[in-house]
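Each chain is listed here by its residues.
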Amino acid sequence: MSQRIFTVVCLVVLAAAPAAAFDLNLAVGADFSGDFDAGNISVSADTGYTLGLELAFKIPVIEIGVGLEYGFSRDAKDFDFDGSYYQLYGIGRFFIGPAYIAGRFGYADVSFSEAIDGSTDGGSWGLGGGVELFGKVKLELLFNSLGSDLSYEGWTVRVLYTF
């Protein structure tokens, strides 16, 4: 179901604006206060780093787009495994002056270094906000939930640069 919704969001984004109106956002971030949910246990994760790319366009007070993000491997505290993830998502930002509210919804796959029973892929969502500086830089804070049976939740601070 979430893959169908994501596909519809992608098609709407691509059909709604000419190619010249698209912005390319490069996102670099840090995940903190994250938790791996590995079946019967929930484990705190070390700080991890993310790299992402978004294709977006703006209409008055709203920015809509699609993105891909990779969460580099981070260790689980007090356990001998680590995890990483990638996610494909649709994102929307509602601007109130330079500040904005952001939400994203998509598909994620969480990978663990050890074989753990359960499904690692599933829906993803994030909610937060940020501020746009100089028309080219965004500072963003999001709470993210990724995966299904085996999942990752945490806060992400991101800096986005618009090309």
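Our subject is the structure that appears above.
Source: prediction; values computed, not measured.

Digging into the overall build of the protein chain
Looking only at helices and strands, one finds one helix and nine strands in the protein chain. Counted from the first residue to the last, the protein chain has its helices and strands arranged as α-β-β-β-β-β-β-β-β-β. Taking all 163 residues of the protein chain together, the buried fraction comes to 42%. Nonlocal contacts in the protein chain, meaning residues at least 24 apart in sequence, comprise 56% of its contacts between residues at least 6 apart. With the model as given, the accessible surface of the protein chain reaches about 8200 Å², and the carbon-plus-sulfur share is 66%.

A short note on the pattern of salt bridges
With the rule as written, the count across this model stands at 11 salt bridges. Note that arginine 158 is salt-bridged to glutamate 54, the shortest N-O span being 2.8 Å. In this pair, arginine 158 sits in strand β9 (residues 150-162) while glutamate 54 sits in strand β3 (residues 48-59), placing the two residues 104 residues apart along the sequence. Across the pair, glutamate 54 and arginine 158 agree in class, each one buried. Residue arginine 93 is joined to glutamate 140 by a salt bridge in which the shortest nitrogen-to-oxygen separation is 2.9 Å. Here glutamate 140 lies in strand β8 (residues 137-147) and arginine 93 lies in strand β5 (residues 82-96), a separation of 47 residues in the sequence. Across the pair, exposure class does not vary: arginine 93 and glutamate 140 are buried alike. The structure contains a network of salt bridges with shared partners spanning Glu54, Lys58, Glu63, Glu69, Arg93, Arg104, Glu132, Lys138, Glu140 and Arg158.

Comments concerning the nonpolar core
Buried together is how nonpolar side chains tend to be arranged in soluble globular proteins. Counting 11 residues, the largest nonpolar core is built from Phe36, Val43, Ala45, Ala76, Tyr85, Ala108, Val110, Phe112, Leu146, Leu150 and Tyr152. Counting residues per element, the ones that place at least two in this core are β6 (99-112) and β9. Looking at this core, the element that brings in the most residues is β6, giving three residues. If we skip the residues at most four places from it in the chain, tyrosine 85 touches Asp31, Thr50, Glu69, Tyr70, Gly71, Arg74, Asp109, Val110, Leu146 and Tyr152.

Reading guide: rules and limits
- Residues numbered from 1 in each chain as written.
- Predicted model: local features only at pLDDT ≥ 70, side-chain atom pairs only at ≥ 80, totals over all residues.
- Heavy atoms only, no water.
- Helix = DSSP H or I, 4+ residues; strand = E, 2+ residues; numbered from the N terminus.
- Buried < 20%, exposed > 50% of the residue type's maximum accessible area, 1.4 Å probe, protein only.
- Contact = heavy atoms within 4.5 Å.
- Areas by Shrake-Rupley, 256 points an atom, 1.4 Å probe, with all protein chains shown as cover.
- Salt bridge = Lys/Arg side-chain N within 4 Å of Asp/Glu carboxyl O.
- Core = buried A, V, L, I, M, F, W, Y, C linked by side-chain atoms within 4.5 Å.

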